[in-house]
Amino acid sequence: MTDPAGPSYYQPTDYDAGWPLWTKLYLLAWRITAATIYGWLPSRCFGARHAVLRLFGARIHPTARVHRGCTIYSPARLTLGERSTLGKGVHCLCVDDIRLDADVTVSQEAFLCTAGHDVDDPARPLTTAPIHLGRGSWVFVRAIILPGVSLGEGAVAAAGAVH
């Protein structure tokens, strides 16, 4: 007998099949480190915070700043240029690459999201696309930057905006 509601919601997809073991181990190690060492560093310990992020593959210019309270899904997908800043409480869902050029500011509680789901496909497979924030751009407080967005040089994403 067939299901009148259509195919099962739990049909296997490429996303459901899982990531390679090394990726799972990397993410597990990062989660443990983020919840302990990275999360416990005092506010002004930029050098130590950056060292931990670099240990997990982040590319951070020495003059860039990642403030305490930033949630970063996968540091290996994060690149920060000269004098770029991630403010307190910024969320970076780095399933794909997030690149900030020089002099970029991402204000408090903004959300940079490189992943979503294909809503036109009943299986809702994971989709990803990189985010690029051009030189001198500014993402204001609680703005949301979605997969595939590229802000040009000097662009501004207003407070609470969705791009």
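What counts and what doesn't
Every residue gets a number counted from 1 within its own chain, in the order that chain's sequence is written. Only residues with pLDDT of at least 70 get local features here, since the model is predicted, and only at 80 or more are side-chain atom pairs given and counted; chain-wide, interface and lining totals rely on the full set of residues. Water and hydrogen atoms were dropped before computing side-chain values, which therefore reflect all heavy atoms in the structure. The cut-offs for exposure are 20% and 50% of the maximum accessible area for each residue type, with area from a 1.4 Å probe on protein chains only; residues under the lower value are buried, those over the upper are exposed, and the others partly exposed. A run of DSSP states H or I qualifies as a helix once it reaches four residues; a run of E qualifies as a strand once it reaches two. Both are numbered from the N-terminal end. An arc is given here, and it is the one of the directions from the helix axis to the C-beta atoms. Contact definition: two residues touch when any of their heavy atoms are within 4.5 Å. What makes two strands pair is DSSP finding at least two bridges between them. We call Phe, Tyr and Trp rings a pair once their centres come within 6.5 Å, taking the six-membered ring for Trp, and we label the pair stacked below 30 degrees between planes, edge-to-face above 60, and tilted otherwise.

K.L.:
Explain helix H2 (residues 46-55) to me, using residue names and the numbers behind them.
P.N.:
Note that an α-helix has 3.6 residues per turn; residues three or four places apart therefore point the same way. When H2 is considered as a whole, its buried residues turn out to be Phe46, Arg49, His50, Val52 and Leu53. Along the long axis of H2, the arc covered by the buried residues comes to 160 degrees, so they all point the same way. Turned more than 90 degrees from where H2 packs its buried face, Gly47 and Leu55 sit exposed. Of the surrounding secondary structure, the elements contacted by the buried residues of H2 are helix H1 (21-40), strand S1 (59-60), strand S2 (65-66) and strand S3 (71-72).

K.L.:
Could you give me a rundown of the sheet that holds strand S14 (residues 144-145), with the residues and numbers involved?
P.N.:
Taken in spatial order, the 4 strands make up an open sheet running S3-S6-S9-S14, and their pairing is parallel. Two strands in the sheet have a free side with no partner beyond their single neighbour: S3 and S14. Both strand S9 (residues 111-113) and S14 contribute to a ladder of 2 bridges, which runs parallel. Opposite Leu112, over in S14, you have Ile145 as the bridge partner.

K.L.:
Please provide a residue-by-residue account of the packing of aromatic side chains, values included.
P.N.:
For the coordinates displayed, the defined rule picks out 4 aromatic pairs. Taking the centre distance of 5.9 Å and the plane angle of 55 degrees together, the rings of Tyr26 and Phe56 count as tilted. Pair noted here: Tyr26 is in helix H1 and Phe56 is in the loop between H2 and S1, with a separation of 30 residues, a long-range link. Classification of Tyr26 as buried rests on a relative accessible area of 19%. On the basis of relative accessibility, which here comes to 12%, the residue Phe56 falls in the buried class. With a centroid separation of 4.5 Å and 15 degrees between ring planes, the pair formed by Trp138 and Phe140 is classed as stacked. Trp138 gets classed as partly exposed once you look at its relative accessible area, which sits at 39%. For Phe140, a relative accessible area of 27% puts it in the partly exposed group.

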